[in-house]
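Residues per chain are reported as follows:
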Amino acid sequence: MKITGIQVYQIDLPLHEGSYQWSGGKSVQVFDSTVVAVETDAGITGHGEVCPLGPFYLPAYAQGVRAGIGELGPHLLGEDPTRLGPLNWLMDRALQGHPYVKSGLDMACWDVLGQASGQPVCELLGGRFGDDFGLYRAISQEAPEAMAERIAGYRAEGYRRFQLKVGGDPAEDIERIRQARSVLEPSDKLVADANTGWTQHEAARVVRAVRDLDVYIEQPCRTYEECLAIRRRTDLPFVLDECIDSLRPLLRGHADGAMDVVNLKISKLGGLTKLKQARDLCVDLGIAMTIEDSWGGDIVTAAIAALAHGTPPELLFSSTDFNSYVTTSIAEGAPQRANGRLSSSTVPGLGVVPRMEVLGEPVLVIR
Ligand code: MG
């Protein structure tokens, strides 16, 4: 099979809550997502999606996805999309770095492979565990009372794991964590995710002030070294996210005992192929994972589900259903949350059919 063309679409994804805020006053009102269609000479088209969390979260931005595909795409014409190993090897040589540019292309090729082989991507990635898996809900940064109220509302919808966006003023963050924990049951999980927003001394204040609570601390500071210093002075369970962007920091973190959980995002590592490597390594090392992406709509949600559902439940800390945060559906067939849980598609490929009336005309065509 050969790749004969690549089409790129731009879609705006507004939020049900109106906006999403996290550390340092960063916020997004409308997500700028990119859908990639990989066409083949077999008449099969696969789809992928990449949606950065604005330009100030990871080294990635929405226009960069499309510019990068414009650069990389021509190298893929004539290549076999079902041979993900050679395809990723080629992408890494044709374009240094820029994992988020490759993510949608890799995802689309897994979709092609699934359709061609008659297998759901979840099965190709190793096979599913059980009927479904648990999701977390991200709680956008607001006043402490408002965040506790949001948690209570989402808990009523079935969620049992919550990721509280902190990384602001330490005294207010301490109050956010206290109020959030107070509306939860003992079996619920609460993560205080600072998204790199605290300096080391601020993080030290917060972890000491909440040490009596059942709460996880996620990525308190910008660098790995600052996070490790905080990790070494708290006995609270610890999650690393932003600084784990490939296998190398993951292995270093494991060797240093730097975390109990890692947050693996598809576009942060560069696609399903790379994320599968990291997931399988974490399974062997006994590191629990949140499997997700930076953001996205129906196609990203389908890809997340394919990986998360194939992760042993004991090591799947949580996952997420981004398509329930946004008001626009870009594809039919995507997994839909039921009682705080999700399951991956059982139809061949990613199981999604893009709504072309929503995608509109392509912004880039490579043939
Ligand atoms: Mg995080």
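From a predicted model like this one, the values you see are computed outputs, not experimental measurements.

What counts, and at which threshold
Residues numbered from 1 in each chain as written. Predicted model: local features only at pLDDT ≥ 70, side-chain atom pairs only at ≥ 80, totals over all residues. Heavy atoms only, no water. Core = buried A, V, L, I, M, F, W, Y, C linked by side-chain atoms within 4.5 Å. Buried < 20%, exposed > 50% of the residue type's maximum accessible area, 1.4 Å probe, protein only. Helix = DSSP H or I, 4+ residues; strand = E, 2+ residues; numbered from the N terminus. Domains from an automatic or database assignment. Contact = heavy atoms within 4.5 Å. Buried area = accessible area lost by both parts, 1.4 Å probe. Salt bridge = Lys/Arg side-chain N within 4 Å of Asp/Glu carboxyl O. Polar contact = N/O pair within 3.5 Å; in protein donor to acceptor, adjacent residues only side chain to side chain. Nonpolar A, V, L, I, M, F, W, Y, C, P; charged D, E, K, R; others polar.

1. Points about the nonpolar core
Here is step 1 of the chain: Ranked by internal contacts, the top residues of the largest apolar core, which has 121 residues, are I6, I177 and W295.
Here is step 2 of the chain: Counting residues per element, this core draws most heavily on helix α12 (residues 298–308), which supplies nine residues.
Here is step 3 of the chain: Two domains share this core, each providing at least three of its residues, namely domain 1 (3–118 + 354–366) and domain 2 (124–350).
Here is step 4 of the chain: Once residues within four sequence positions are removed from consideration, W295 is found in contact with L15, Y20, F31, C51, L53, V300, F322, Y325 and V326.

2. Focus: the domain arrangement of the protein chain
Here is step 1 of the chain: Here the protein chain is described as being made up of domain 1 (3–118 + 354–366) and domain 2 (124–350).
Here is step 2 of the chain: A straight line from the C-alpha centre of domain 1 to that of domain 2 covers 22 Å.
Here is step 3 of the chain: Domain 1 puts 44 residues into the contact, and the matching count from domain 2 is 47 residues.
Here is step 4 of the chain: Of the roughly 3800 Å² buried between domain 1 and domain 2 on both sides combined, carbon and sulfur atoms contribute 61%.
Here is step 5 of the chain: Together, E17, W110 and R355 form the three largest contributors to the area buried by domain 1 at its contact with domain 2, with a combined 17%.
Here is step 6 of the chain: At the boundary of domain 1 and domain 2, one finds three salt bridges.
Here is step 7 of the chain: One salt bridge connects R355 with E332, and the closest N-O pair in it is separated by 3.7 Å.
Here is step 8 of the chain: The tally of links between domain 1 and domain 2 comes to 24 residue pairs in polar contact (both at pLDDT 80 or more).
Here is step 9 of the chain: Per element, the largest residue contribution to the side of domain 1 that touches domain 2 is 12 residues, and it comes from helix α3 (residues 99–117).
Here is step 10 of the chain: Its residues assigned to classes, the side of domain 1 that touches domain 2 comprises 23 nonpolar, 13 polar and eight charged.

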